Amino acid sequence: MKRILQEACAAAGTAALSVLLAAGLSAPAWAGGHGRGGKGPPVLASETAGVTPFTGLTAHELTYSGMDGVTSGGVRIIDGDTARTVATVYSSQYANFAWAPDGRTLYISETYWTLGNRGKREDVLSIYGGPTLRNEGEIALPGRLISDPKTHTFALSPDGHYAYNYSFQPAPAVTVIDLRTRKVLTSVEVPGCGLVFPFGTRGFASLCADGSMAVADVNAQGKYVVHRTKRFFDVLNDPVMDESVADEHSGLALFITYDGWVHPVALADRPRFEKPWSIEAAAGMSPATSHVGTITWRPGGQVPFAYERSRHRLFVLMHEGPPWSFEKPGTQIWVLDVRTHRLLHRWEVPEHAYLLAVTQDAHPLLFALSYRWLWIMNGISGAVRRATQIVEPGLVGVKGE
Amino acid sequence: MNRSDLDTWSERLTRRLAGRLSRRSALARLGALLVAAPAFPLLPVQRARAADAAAGTDFSRAAQTHDDTACNYWRYCGIDGNLCSCCGGSVHTCPPGSQPSPTSWIGSCINPDDSRAYLIAYRDCCGANECNKCSCLNTDHAMPIYRPQANNHIIWCFGTQSFEYHCSMAVLVGLAE
């Protein structure tokens, strides 16, 4: 009982001290017992509550969004060098995000209802930035696609001047937003097509339901022209995946099919379609097929590809499975040279991974994510350097993609 | 399986119309609604052809017909989400507190008991918080999002008062033959 009484007194003293400090008053002499008479460590300095400064996304930081209503959204930043959380920005569920090229402004495409699950719907492009990554306002959008997160439903132009937001309500369109004036420039109708792959100054491509591509050229006044290309893949038997990769700086898109065929396309007003090549053939295997019962190595996952621009390396989550297993997680990461179509490495993933991202700097980190874990790997050797627990991830991004 | 000439012709016609008409066009609006309407026969029939009942799929070879709270229940060959059967509903009814969307995507699954392919409407129940039980991800004949009529990642809550996803049903539409 005595011990309990002493603890209660100590707690009361601490509470009184807290009140004094909160009121901005100096601590009383009795509070600094250890520092009296010049013996022991100095009295700890009083503190002021604030926000840790944010100086911009760094090359080794990973940004990822939450998966759905269970994870309740949020866009989170993790430092790949320490595996520590840097920041979290609020978002709705089923949001998408993109960083400005300088890594200081974060754009989030998201949807809210005035009464939570009902009421007036508001689709917005939310802007976060400044020294503490605060909300800087919103741009109202005419619509959005609400789906499980998909990388290519929202993107910026390579120079960060424009944002492109894919909408499906259910008529498909791409809204073009001028980020300098913070106004919607136009909505480009892309009937029969979906997703958005920006290239050049004001152009973008969308994939179409018949295996072709729609290419849009938008001028500064918002006038646009859309034309369709030839069909370049067999959409019914081996479609290219939503999460195919595109390097908007070079205009190179790598559209990758369920069976692991890579269709390189130089995105432009007149796209150049190059000869497809097989990921499995690059590893010395027979190309995968869609025949029932064929168990072989196949690409799969939620975001199963990452592309490193400077070294022309494609990272692919691979698993052994039957046809239609394109969302199974990868047990290995295959590293391929997209110029020579050669397999460079096969790296094991701890457990398995659904998402991949690779940093774009001289000392790359490779991020592999399961629904609960982030593994941070050396991007040259494949060695796992760190691991940390995460909430179920939806999308991933790094600086300079 | 190759598609019939009629399918090919009708798809070309539809795409030609879609490519020429603006969204504001009444015809285009009608087309957009029809894409999302499970009662419209053209697209389901086309989807059904993807399910070859004779060959089956890797999913159908391991599917069962007695437990609709398990991910390998035969109708769930293309389902992505929480099974309404685990959330207070059933394969064709929404749990109380949620409401069914009039829209869906259409898949085709093979019933191991009679080895026939059936059309399945994957309808979402909307308006209640996500059930988060019996989460399944099956992908037989699921197509990318740029082919939305066969995509299971879209939140199919069009036409309801809420886009809050709760769970998914697998409503039997009929034979896919």
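Rules behind the numbers
- Residues numbered from 1 in each chain as written.
- Chains lettered and ligands numbered in written order.
- Predicted model: local features only at pLDDT ≥ 70, side-chain atom pairs only at ≥ 80, totals over all residues.
- Helix = DSSP H or I, 4+ residues; strand = E, 2+ residues; numbered from the N terminus.
- Buried ≥ 20, exposed ≤ 12 C-beta atoms within 10 Å, placed from the backbone.
- Contact = placed C-beta atoms within 7 Å.
- pLDDT = per-residue confidence, 0-100.
- Nonpolar A, V, L, I, M, F, W, Y, C, P; charged D, E, K, R; others polar.
- Pairing = 2+ DSSP bridges.
- Core = buried A, V, L, I, M, F, W, Y, C linked by C-beta atoms within 7 Å.
- Axes fitted to C-alpha atoms, helices over the stretch in contact; angles between N-to-C directions.

## Quick look at the overall build of chain A
Thought 1: The helix and strand tally for chain A stands at two helices and 30 strands.
Thought 2: In terms of its C-alpha atoms, chain A occupies a principal-axis envelope of roughly 85 × 50 × 40 Å.
Thought 3: Put simply, chain A has 401 residues, and 46% of those count as buried.
Thought 4: Taking contacts inside chain A between residues at least 6 apart in sequence as the whole, the part at least 24 apart equals 44%.

## Structural notes on the overall build of chain B
Thought 1: Check the secondary structure of chain B and you find four helices and six strands.
Thought 2: Counting across all 177 residues of chain B, residues that qualify as buried make up 50%.
Thought 3: In chain B, the share of contacts with a sequence separation of at least 24, taken over all contacts with a separation of at least 6, comes to 75%.

## Some points on the confidence of the model for chain A
Caution applies to low-pLDDT regions: their predicted coordinates should not be interpreted in detail.
Thought 1: Residues with a pLDDT of 70 or more make up 91% of chain A, whose mean pLDDT is 91.
Thought 2: Low confidence marks residues 1–33 of chain A, where pLDDT is under 50. Its contacts with residues over four positions away, or in another chain, come to eight contacts.

## What about the interface of chain B and chain A?
Many descriptions give the size of an interface as the accessible area lost when the pieces come together.
Thought 1: Contact residues are listed per partner, giving 36 residues for chain B and 37 residues for chain A.
Thought 2: Of all elements in the fold, only α1 (5–20) and α2 (26–36) of chain B reach the threshold of two or more residues within the side of chain B that touches chain A.
Thought 3: The biggest single contributor to the side of chain B that touches chain A is α2(B), with four residues.
Thought 4: Grouping the constituent residues of the side of chain B that touches chain A by class yields 17 nonpolar, twelve polar and seven charged.

## What to know about the pairing of strand β12 (residues 193–199) of chain A
Two faces make up the sheet, and in a regular strand the side chains alternate between them.
Residue and element names in this part refer to chain A.
Thought 1: Across the seven residues of β12, seven count as buried, placing the element largely inside the fold.
Thought 2: Pairing of β12 with strand β13 (residues 203–208) involves five bridges; the strand directions are antiparallel. In the sheet register, Cys193 faces β13, and the bridge partner there is Cys208.
Thought 3: Hairpin connection of β12 to β13: three residues between the antiparallel strands, including Gly200 at a positive phi of 60°.

## Quick notes on unusual backbone geometry
Residue and element names in this part refer to chain A.
Thought 1: At the junction of Gln169 and Pro170, the peptide bond is cis and its omega measures out at -10° in the coordinates.
Thought 2: Here Pro170 is to be found in the loop between β9 (162–168) and β10 (172–178).
Thought 3: A positive phi angle is found at Ser72, which is not glycine, with a value near 60°.
Thought 4: Looking at the element boundaries, Ser72 is found in the loop between β1 (61–66) and β2 (75–79).
Thought 5: What makes Ser72 partly exposed here is the crowd of 15 C-beta atoms within 10 Å.
Thought 6: We note that Leu133 has phi near 55°; this positive angle belongs to a residue other than glycine.
Thought 7: For Leu133, the location among the structural elements is in the loop between β6 (121–129) and β7 (134–141).
Thought 8: A tally of 24 C-beta atoms within 10 Å means that Leu133 is categorised as buried.

## What to know about the nonpolar core
Thought 1: A:Val174, A:Phe315, A:Val316, A:Leu356 and A:Phe367 are the most contacted members of the largest nonpolar core, which has 150 residues in total.
Thought 2: Among the elements that take part in this core, strand β3 (residues 116–126) of chain B stands out by supplying seven residues, more than any other.
Thought 3: For A:Val316, the contacting residues outside a window of four places in its chain are A:Ile279, A:Pro299, A:Pro304, A:Phe305, A:Ile333, A:Trp334 and A:Leu336.

## A closer look at the pairing of strand β25 (residues 342–353) of chain A
Thought 1: Note that strand β24 (residues 330–337) of chain A and β25(A) share seven bridges and pair antiparallel. Bridge pairing in β25(A) places A:Trp334 opposite A:Arg346.

## Topic: the sheet that holds strand β14 (residues 213–218) of chain A
Residue and element names in this part refer to chain A.
Thought 1: Spatially, four strands are ordered β12-β13-β14-β15 in an open sheet, and the strand pairing comes out antiparallel. What marks the edges here is a single partner per strand, and that holds for β12 and β15 (224–228). Across the sheet, the mean angle separating the axes of adjacent strands is 25° when strand polarity is ignored.

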